[in-house]
Every structure is written in structure tokens, then in C-alpha cells.
Amino acid sequence: MRAYLQLIRYGNCLMAAFSAGIGVLIAYNIISSNAGPISFPLHEVMYVSLVVFLITGSGNAINDYYDVEIDRINKPERPIPSGRISKSKALYFSVSLFAVGTIIAFFINVACGVIALFNSFLLIYYAATLKRTVLIGNLSIGYLTGSTFLFGGAVFYTNGGIEAVFVLFLLATFATIAREIVKDIEDIQGDKQDGASTLAISIGAEKASYFASGVGLVAVLASPLPYLQSLLNVRYLAVVFVADMLFFLAVAAIIKEKKPAKSSKLFKAAMFIALVAFLVGT
């Protein structure tokens, strides 16, 4: 059980599920404020969070399936290269999670089902092909992370739920793209041996670090938008300020200290604090 939890990166799954639940709550608040009271979507929050947990986990598992040779170099302790889970079992497990998550999504509504199905195919295509392309792979993961908010808003798609959370989708997307580029810098040696063509390999680690920092700063500069658009309250501003400071520290770690591993951890911490800011600002 522990090996399978590590395979799906359950911590990342919980964060994604948390994001989707927040997306539902934010869309609910905005719509109920503008269109009048509507019933609280408790069951939808649970179903949406479950679907995102399952599909995120399946994406992480299929990623490890295709990356086993890279992980033998960069992360030999992972479940597949360490021999705790075979490649075939990881594949079957991933497909099962994709199927169950997508079926549950269609039971929520058609919009949620379509997003879940599209994201499932994109996760598979990313793991098989896109991850090894210049920048497109990073953009794909940025979209997939941000789309957890879209998925939450899709619960109210007939009432403009997707539009209500679109700014949050963009913020999460930009922050994730920055972190993904930093992770590519961290994994540059293993990626080279696997024949990948990431941004860090194509333009060099230094230029890639500046590019990642620029994308991260866009997310920081845009972070007040949910408050300025009256989507979130002033408590959001107070907490997101902490996230912004962590983003600056992440940029300093990659630009000045040349420490991509440290920068990646700081980006991840900043994104978690930003999630908390979204929650308290709802």
C-alpha cells in the first residue's frame, strides 16, 4: 500500500483535490452572491475532490511508468525503479484510476466529465511524449494544475462557474509552469541521458532559470487580481502576500544561489500557501 501511495504521489493528489474543492466553494460564493441563494454543494465538493485525487494519481503513476529509465538515474528510490512495483502493475493501476475518476466525473455533470476525460488523455500524452518536448510539456502541466479550479467551477457551468474561477486558473497555471521549468533544471542530467529536449537542455540552465523566474513573477504581479475583481476578500491579500514572498525566495534560490532543488521546494510551498489564501479569501 505504501508503495502505491508513493507511486501516485498522494501528497500532490491531496493538494490537487483541495484545489478543486476550493474551486467549487469560490464558484458557489460568487454565483450565490450575484444570482441569489443556491443550495450548498457539499456532495459536489466531495465528488470533485475524489475525481481530481484519482486522476492526478493516475497521471503520476503513468508518468513513472514512462520515466522509469530517467528515474533510475534521478530518483532510484521511486517504486518502479526500486522494484517495489512492476511496470505492468503500475500501468494497470493507472488505467483503473483514470477510468474510475472519469466515470464519477460524468455522474457530476457533462462539463465535469468532459474536462476529466480530456485531462486524462492529456496526462497520458504528456507522459508518453510531451514531457520530452521544449516548453510544451511545461505548459501542459501548468494547464493541468490550473484546471483543477476549472473543474471545481464546472459544477456550476450553467451559471457561469467556469468564468468565475478563470483568474484562479491562470494564476495557478503560471506558478506551475515556473516550478516545472525549475524541476527540469534540477533533472537536467537524467533528462539528457534519456534523450529529452526540455527548455533547460535547449537553452541552458541559466537562461531557463531566468525564464522560469519571469513566469513566476507574472504570477506574483497578477496575484492581487482576485481581490481587485471582488472574487476574494481582503483576507486573501494578507495570506497571498506570504506566498508572494516565498515566490521571491524561490526566484532568488534559482538565480543567485543556483540551487534548483531548493527553488522547487520553495515554489511548492508558495503554491500551497496560495491555496490557503484562496480558501481564507472565499
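What the chain contains, in helices and strands, is 15 helices and zero strands. Here the C-alpha atoms of the chain give a radius of gyration of 19 Å, agreeing with the 19 Å that 2.2 N^0.38 yields for 282 residues. Of all 282 residues assigned to the chain, the portion counted as buried reaches 51%. The long-range fraction of contacts in the chain, counting pairs at least 24 apart against all pairs at least 6 apart in sequence, stands at 73%. Approximately 12800 Å² of the chain is accessible, and the part contributed by carbon and sulfur atoms is 67%.

Let us look at the packing of helix H12 (residues 205-222) against helix H14 (residues 234-255). Relative to each other, H12 and H14 sit at 170°, their axes nearing to 10 Å. Comparing the axis directions of H12 and H14 gives the class roughly antiparallel. Residues Ser-209, Tyr-210, Ser-213, Leu-217 and Val-220 of H12 form the contact with H14, whose participating residues are Asp-244, Phe-247, Phe-248, Val-251, Ile-254 and Ile-255. Residue composition of the contact of H12 with H14, by class: eight nonpolar, two polar and one charged.

Here we come to helix H9 (residues 166-186). Here H9 spans 30 Å end to end across 21 residues, near enough to the 30 Å set by a 1.5 Å rise per residue. Counting buried residues along H9, 16 of its 21 residues qualify, which places the element largely inside the surrounding structure.

To continue, consider helix H7 (residues 136-153). Its 18 residues give H7 an end-to-end C-alpha distance of 25 Å, which sits within 8% of 26 Å, the value for a rise of 1.5 Å per residue. Of all the bends found along H7, the most pronounced is centred on Ser-147 and spans about 35°. Of all the 18 residues making up H7, 14 are buried; the element is thus mostly covered by neighbouring parts of the structure.

Take the packing of helix H3 (residues 42-66) against H7 next. The geometry of H3 relative to H7 is characterised by a closest axis approach of 10 Å and an angle of 150° between their N-to-C directions. Judged by the angle between their axes, H3 and H7 are roughly antiparallel. Seen along the crossing, H3 lies across H7 with a hand that is right-handed. Here Val-48, Val-51 and Val-52 of H3 lie close against H7, whose contacting residues are Thr-148, Phe-151 and Gly-152. Taken together, the residues of the contact of H3 with H7 break down into four nonpolar, two polar and no charged.

Rules and cut-offs
Residues numbered from 1 in each chain as written. Predicted model: local features only at pLDDT ≥ 70, side-chain atom pairs only at ≥ 80, totals over all residues. Heavy atoms only, no water. Helix = DSSP H or I, 4+ residues; strand = E, 2+ residues; numbered from the N terminus. Rg over C-alpha atoms; globule rule 2.2 N^0.38 Å. Buried < 20%, exposed > 50% of the residue type's maximum accessible area, 1.4 Å probe, protein only. Contact = heavy atoms within 4.5 Å. Areas by Shrake-Rupley, 256 points an atom, 1.4 Å probe, with all protein chains shown as cover. Axes fitted to C-alpha atoms, helices over the stretch in contact; angles between N-to-C directions. Parallel < 35°, antiparallel > 145°, perpendicular 65-115°, else oblique. Nonpolar A, V, L, I, M, F, W, Y, C, P; charged D, E, K, R; others polar. Expected span 1.5 Å × (residues − 1). Bend = angle between axes of the 7 residues up to and from the residue. Left-handed = near helix turned anticlockwise from the far one by under 90°.

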